[in-house]
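Residue-level structure breakdown
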Amino acid sequence: MNLFQKKVNEEIDDEIKEELAQEKIDASQENEFQFEFLECEKRHVFLLLMFVGGFYGAFTYSIRGGVFCNAQTANFVLFAMALGNGNIMKGLYYLVPMTAYLLGTIVSEALPSPIKKHHLIRWDTILIGIEIATVIVLGFIPDSAPFQITQIAINILCSMQYNTFRQARGIPMATTFCTNHVRQLGIHIVKAIKHPDNKMFSGRVWLHIGMLAVFVAGGALSAFLCLVFAGRAIWFALIPLGIIFFQLLYADLVKEKEVFDMTPKGH
């Protein structure tokens, strides 16, 4: 074996070790290390949040001004195009969701530490409660009201959600958009082909496929419900949000009360 091939093999081995270190525990170890990851880091929580993310995106684009509120790349492109076409006022319109998204990040970064000091419930749980309350209010807003009301609210929610729920069992994970999941899917397809005996890589492939699938399902259901229920369609997002909220609340008050000071990975 030449030096070049040896070097390549060493790099592959290091890569595999890093992946294995990232996946610290598997299902068989969950009972032994039940607090290695908190409830807010469980994968089913992220799957439900991905569904909600897709639901929000389709809702605002379909009936609330044609703006994407769950991520901002498209809005930056539309902003740049408006400026390039000399339509300054239209460009300024896109500053609304972009600024609201920034505000959500600032708020979600500033609040967790002060809230945690009270040792009641975690910021993650409070955030889902805020989402539920906001969604209820948004459902009552008439379709004739300015779209910016809903856009600002959902931009802030999505920004806080993205900044708060960062890792699913140690795996970096976005819950409001798909780009990173597509990237990770491609990476792990290649790794699964190169190392067919390592089931971790194929597991990651199916994990990201699942995340993308539920995001699409959320968007598709939202688009359909908007045709039927108009603005009140957003209330259907209360179902997954409610499931998450009660699971997180139970964890804070009972299941994980003894490890309240434990910080979710990625924070």
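Higher on the page you've got the structure.
Let us look at the structure shown here. What you see is a predicted model, and the numbers here were worked out from it, not measured in a lab. Residue positions are counted from 1 within each chain, in the order its sequence is given. Owing to the predicted nature of the model, reporting of local features is limited to residues with pLDDT of at least 70; listing and counting of side-chain atom pairs is limited to 80 or more, with chain, interface and lining totals taken over all residues. With hydrogens and water set aside, each side-chain value is computed from the structure's full complement of heavy atoms.

Thoughts on the nonpolar core
Residues belong to a common nonpolar core when they are buried Ala, Val, Leu, Ile, Met, Phe, Trp, Tyr or Cys residues joined through side-chain atoms within 4.5 Å. Exposure categories follow from relative accessible area, calculated using a 1.4 Å probe and restricted to protein chains: below 20% of the type maximum is buried, above 50% is exposed, and the middle band is partly exposed. Residues Tyr56, Ile128, Ile154, Phe165, Met173 and Leu241 are the most contacted members of the largest nonpolar core, which totals 57 residues. Mapped onto this core, the elements with two or more residues apiece are helix 2 (43-63), helix 5 (95-110), helix 7 (123-140), helix 8 (147-164), helix 9 (179-194), helix 10 (199-229) and helix 11 (238-255). Only DSSP runs of H or I with at least four residues qualify as helices, and only runs of E with at least two residues qualify as strands; both kinds are numbered from the N terminus onward.

Concerning the packing of aromatic side chains
Two rings belonging to Phe, Tyr or Trp (six-membered ring only in the last case) form a pair when the distance between their centres is within 6.5 Å. Interplanar angles under 30 degrees mark stacking, angles over 60 mark edge-to-face geometry, and anything in between is tilted. The full count for this structure, using the stated rule, is seven aromatic pairs. Here phenylalanine 46 and phenylalanine 165 contribute two aromatic rings whose centre-to-centre distance is 6.2 Å and whose plane-to-plane angle is 85°, an arrangement assigned as edge-to-face. In this pair, phenylalanine 46 is assigned in helix 2 and phenylalanine 165 in the loop between helix 8 and strand 1 (167-168), connecting sequence segments 119 residues apart. Per residue, the accessibility class of phenylalanine 46 equals that of phenylalanine 165, and both read buried.

Remarks on the environment of glutamine 72
Within the secondary structure, glutamine 72 is located in the loop between helix 2 and helix 3 (73-84). Assessed through its relative accessible area of 8%, glutamine 72 is described here as buried. Sequence separation between glutamine 72 and tyrosine 101 is 29 residues, and the spatial gap between their C-alpha atoms is 7.8 Å.

Observations regarding empty space enclosed by the protein
In this analysis the probe radius is 1.4 Å and the grid spacing 1 Å, with only protein atoms considered; a cavity is a set of points the probe fits into but cannot get out of, a pocket is an open set with protein on both sides within 12 Å along at least five of seven lines, and lining residues have an atom within 4 Å of a point. Grid points are joined across faces, edges and corners, and a volume is the space filled by probe spheres set on the points. Enumeration over the complete set of coordinates arrives at one cavity of 30 Å³ or more. Taken as a whole, the largest cavity holds about 40 Å³ of empty space. If you go around the largest cavity, you meet eleven residues; those closest to its centre are Thr164, Phe165, Arg166, Gln167 and Pro264. When residues are grouped by polarity, Ala, Val, Leu, Ile, Met, Phe, Trp, Tyr, Cys and Pro land in nonpolar, Asp, Glu, Lys and Arg in charged, and all others, Gly among them, in polar. Split into classes, the residues belonging to the lining of the largest cavity amount to four nonpolar, three polar and four charged.

Things to note about the packing of helix 7 against helix 8
Only the contacting stretch of a helix is used when fitting its axis, a line to C-alpha atoms as for every element, and angles between N-to-C directions run 0 to 180 degrees. Their axes nearest at 11 Å, the elements helix 7 and helix 8 cross at an angle of 160°. The orientation of helix 7 with respect to helix 8, classified from their angle, is roughly antiparallel. Between helix 7 and helix 8 lies a crossing whose hand is left-handed. Within the contact between the two elements, helix 7 uses Trp123, Asp124, Leu127, Ile130, Glu131, Thr134 and Leu138 and helix 8 uses Thr150, Ala153, Ile154, Leu157, Met160, Gln161 and Thr164. A per-class count over the contact of helix 7 with helix 8 returns eight nonpolar, four polar and two charged. If an angle is under 35 degrees, it is roughly parallel; if it is over 145, roughly antiparallel; if it lies from 65 to 115, roughly perpendicular; otherwise it is oblique. Handedness of a helix crossing follows the sense of rotation of the near helix relative to the far helix, less than a right angle counterclockwise being left-handed and clockwise being right-handed. By definition, residues are in contact when any of their heavy atoms lie within 4.5 Å.

Some thoughts on helix 10
For helix 10, which comprises 31 residues, the first-to-last C-alpha distance of 44 Å matches the rise-based estimate of 45 Å (1.5 Å per residue) to within 8%. We define a polar contact as two N or O atoms separated by no more than 3.5 Å, with the added condition that, inside protein, one atom must be a possible hydrogen donor and the other a possible acceptor, whereas residues neighbouring each other in sequence contribute only through side-chain atom pairs. Where helix 10 begins, the capping side chain belongs to asparagine 198, and its oxygen is found 3.0 Å from the backbone nitrogen of methionine 200. One or two positions beyond helix 10, positive phi appears at alanine 230, with a value near 55°. A helix is expected to span 1.5 Å multiplied by its residue count minus one.

Notes on the pattern of salt bridges
Oppositely charged side chains are able to pair whenever their charged atoms sit close together. Just to be clear on terms, a salt bridge is a Lys or Arg side-chain nitrogen sitting within 4 Å of an Asp or Glu carboxyl oxygen. Counted under the stated rule, the structure contains five salt bridges. A salt bridge links arginine 122 to aspartate 252; the shortest N-O distance between them is 3.6 Å. Residue arginine 122 is found in the loop between helix 6 (112-116) and helix 7, and its partner aspartate 252 is found in helix 11; the two are separated by 130 residues along the sequence. Overall, the relative accessible area of 4% leaves aspartate 252 in the buried class.

Considerations on the layout of surface pockets
Empty space within the second largest pocket amounts to approximately 170 Å³. Forming the walls of the second largest pocket are Asn70, Ala71, Gln72, Thr73, Tyr101, Thr176, Phe177, Cys178, Thr179 and Phe215. When the residues that make up the lining of the second largest pocket are grouped by side-chain class, the tally is five nonpolar, five polar and no charged.

All we've got here are geometric facts, nothing functional implied.
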